[in-house]
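Spelled out from the first residue to the last, the chains are:
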Amino acid sequence: MKIVVVYESMYGNTHLIADAIGKGLQEAGDVVVMPVDGADAAVLEGADLVVVGGPTHAHGMTRESTRKSAVEAAEKPDSDLVLDPDAEGEGLRDWFDDLGKLATHAAAFDTRMDGPVSFTGRASKGIAHRLTKHGCTLIDEPQSFLVTKDNHLETDEEQHALTWGSDLAESLQRLVTH
Ligand SMILES: Cc1cc2nc3c(=O)[nH]c(=O)nc-3n(C[C@H](O)[C@H](O)[C@H](O)COP(=O)(O)O)c2cc1C
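First, a word on what this report is: a plain description of the structure on this page. All figures in this text were calculated on a predicted structure; none of them were measured in a lab.

**A word on the nonpolar core**
Formed by 39 residues in total, the largest nonpolar core has its most connected members in V5, I21, V50 and V51. Put simply, the parts of the chain that give this core at least two residues each are β1 (2–7), α1 (13–25), β2 (30–35), β3 (49–55), α4 (92–98), β4 (105–113), α6 (123–133) and α7 (157–177). Once residues within four sequence positions are removed from consideration, V5 is found in contact with A18, I21, G22, V31, V33 and V51.

Below, the structure written as structure tokens:
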């Protein structure tokens, strides 16, 4: 089966989570993990599952203004944040705007601060909504992976992502073979 994991990431955390989800998914087929910039129609063509994730900014998916603030924060002299190679490319909102019909299985994830969701918000809600609008069938609930207040992944979140990827692989195999 063909599986594509699409991620947006400013500081690399969502990128690491996307890679770990991709590893977990390998038991179901061939997996491509791509930043939004590279995930064009040719990459998505014929995918049996598309998994899409990004960071939570201002309670939801990133916007141009929040992406700019994120870059500025990383460029401060006392910052230990490193911009992901594709951080200054396009965000998920633009990617969805350019996306045509995508009638396949899908799942949504985000990274966000640790805390009650009513306080932090979660980008995966908007991602899941858009995937459905574009014709996808979600095969699991949107999933969040947590970062510290200093924007570093919490312990065990990569393992959590690997396990979720593996759970998605099982769900997909069940759906496709029944
Ligand atoms: C401008 C900005 C706004 C943010 N707003 C939120 C927020 O509303 N809720 C939250 O949980 N985290 C928020 N965060 C933290 C991000 O979710 C965190 O930086 C992100 O998950 C890290 O993923 P990345 O390394 O892939 O960019 C914000 C971060 C930035 C830079």
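**Some words on the site of the ligand**
Around the ligand, a shell composed of 22 residues is seen, among which Y11, N13, T14, T111 and T120 lie nearest. Counting residues per element, the ones that place at least two in the shell around the ligand are α1, α3 (64–75) and β4. The biggest single contributor to the shell around the ligand is α3, with four residues. Broken down by class, the residue content of the shell around the ligand amounts to eight nonpolar, 13 polar and one charged.

**Examining α7**
Every α-helix carries 3.6 residues per turn, so stepping three or four residues along brings you back to the same face. Across its 21 residues, α7 extends 30 Å between first and last C-alpha, which sits within 8% of the 30 Å expected from 1.5 Å per residue. The complete set of buried residues in α7 reads E157, H160, A161, W164, G165, L168, A169 and L172. Elements that come into contact with the buried residues of α7 comprise α1, β3, β4 and β6 (143–147).

**Overview of the packing of α1 against α7**
Interaxial distance between α1 and α7 falls to 7 Å at its minimum, and their mutual angle equals 40°. As judged from the angle between their axes, α1 and α7 are oblique. Seen from above, α1 lies across α7 with right-handed handedness. Judged by residue contacts, L16, I17, A20, I21, G22, K23, G24 and L25 of α1 engage E157, E158, A161, L162, T163, W164, G165, S166, L168 and A169 from α7. Taken together, the residues that form the contact of α1 with α7 break down as 10 nonpolar, five polar and three charged.

**Examining the pairing of β3**
The buried fraction of β3 is high, at seven of seven residues. Relative to β3, β1 runs parallel, the two sharing five bridges. Bridge pairing in β3 places V5 opposite V51. As paired strands, β3 and β4 are joined by seven bridges and run parallel to one another. Note that in β4 the partner of P55 across the bridge is T111.

Calculation rules
- Residues numbered from 1 in each chain as written.
- Predicted model: local features only at pLDDT ≥ 70, side-chain atom pairs only at ≥ 80, totals over all residues.
- Core = buried A, V, L, I, M, F, W, Y, C linked by C-beta atoms within 7 Å.
- Buried ≥ 20, exposed ≤ 12 C-beta atoms within 10 Å, placed from the backbone.
- Helix = DSSP H or I, 4+ residues; strand = E, 2+ residues; numbered from the N terminus.
- Contact = placed C-beta atoms within 7 Å.
- Near = placed C-beta within 6 Å.
- Nonpolar A, V, L, I, M, F, W, Y, C, P; charged D, E, K, R; others polar.
- Expected span 1.5 Å × (residues − 1).
- Axes fitted to C-alpha atoms, helices over the stretch in contact; angles between N-to-C directions.
- Parallel < 35°, antiparallel > 145°, perpendicular 65-115°, else oblique.
- Left-handed = near helix turned anticlockwise from the far one by under 90°.
- Pairing = 2+ DSSP bridges.

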